[in-house]
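Chain by chain, the residues:
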Amino acid sequence: MRFLMTALADDNKPDEKLFTEMAKFIDETTAAGILLATGGLEAGGVRLTSTGDEITVTDGPFTEAKEAVAGFALIEVRSREEAIELGRRFRRIVGDGVSVIQQVYGPQG
């Protein structure tokens, strides 16, 4: 099962300890074949809205900074519970904040 884990932006300032712990977590989950992709996201982006034949393009940002998705991880695990446990490990490393875990449907691979 694949899940997309996203982290909302926060005011936490990363320090050397955070970078070290995240590097270990990323190396471990990548070596285990769990972590498929990870990255940070730009604050703005572009929104495409379609109505009938018309497509409107709007530059971001679109939400309050604290509601914006700041980063993501695509993982492959055996169950939702395993995804939640990985999310718990991530939150313990990065500290206070909000993450969202959503199952990814469709072709896998």
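Residues numbered from 1 in each chain as written. Predicted model: local features only at pLDDT ≥ 70, side-chain atom pairs only at ≥ 80, totals over all residues. Heavy atoms only, no water.

Novice: Which parts of the structure should I look at to understand helix H2 (residues 80–94)?
Specialist: Every α-helical turn comprises 3.6 residues, leaving residues that sit three or four positions apart pointing alike. In this model H2 runs 21 Å from its N-terminal to its C-terminal C-alpha over 15 residues, within 8% of the 21 Å that 1.5 Å per residue would give. Regarding H2, the residues found buried are Ala83, Leu86, Gly87, Phe90, Arg91 and Ile93. The buried residues of H2 occupy an angular sector of 155° when projected down its axis, which confines them to one face. Of the residues in H2, the exposed ones pointing more than 90 degrees away from the buried face are Glu81 and Arg92. Immediately beyond the C-terminal end of H2, within one or two residues, lies Gly95, with a positive phi of roughly 90°. (Helix = DSSP H or I, 4+ residues; strand = E, 2+ residues; numbered from the N terminus. Expected span 1.5 Å × (residues − 1). Buried < 20%, exposed > 50% of the residue type's maximum accessible area, 1.4 Å probe, protein only. Arc of directions from axis to C-beta.)

Novice: Whenever I open this one, the environment of Met5 confuses me. Can you help?
Specialist: Along the chain, Met5 turns up in strand E1 (residues 2–8). Aside from chain neighbours lying at most four places away, what touches Met5 is Gly71, Phe72, Ala73, Ile75, Ala83, Leu86, Gly87, Val100 and Ile101. (Contact = heavy atoms within 4.5 Å.)

Novice: Teacher, can you tell me more about the sheet that holds strand E2 (residues 35–40) here?
Specialist: The strands that make up a sheet pair up through hydrogen bonds in the backbone, lying either parallel or antiparallel. Pairing in this open sheet of four strands is antiparallel, and the strands run E2-E5-E1-E6 from one edge to the other. Because the sheet does not close on itself, it has two edges, and the strands there are E2 and strand E6 (99–104). The average undirected angle you get between the axes of adjacent strands in this sheet is 15°. Note that E2 and strand E5 (residues 69–76) share five bridges and pair antiparallel. Within E5, the position partnered with Gly40 by the bridge is Gly71. Sitting on the sheet, H2 is in contact with E1, E5 and E6, with an inclination near 25° to E1. (Pairing = 2+ DSSP bridges. Axes fitted to C-alpha atoms, helices over the stretch in contact; angles between N-to-C directions.)

Novice: Hey, could you run me through a nonpolar patch on the surface in this one?
Specialist: On the surface, a cluster of nonpolar side chains totalling about 420 Å² of accessible area is made up of Val46, Leu48, Ile55 and Val57. Breaking the nonpolar patch down by element, the ones donating at least two residues are strand E3 (46–51) and strand E4 (54–59). With respect to the secondary-structure elements, Ile55 resides in strand E4. Exposure remark for Ile55: the relative accessible area of 59% places this residue in the exposed category. (Patch = residues over 30% accessible without salt bridge, like charges linked within 9 Å, V, L, I, M, F, W, Y side chains within 5 Å. Areas by Shrake-Rupley, 256 points an atom, 1.4 Å probe, with all protein chains shown as cover. Salt bridge = Lys/Arg side-chain N within 4 Å of Asp/Glu carboxyl O.)

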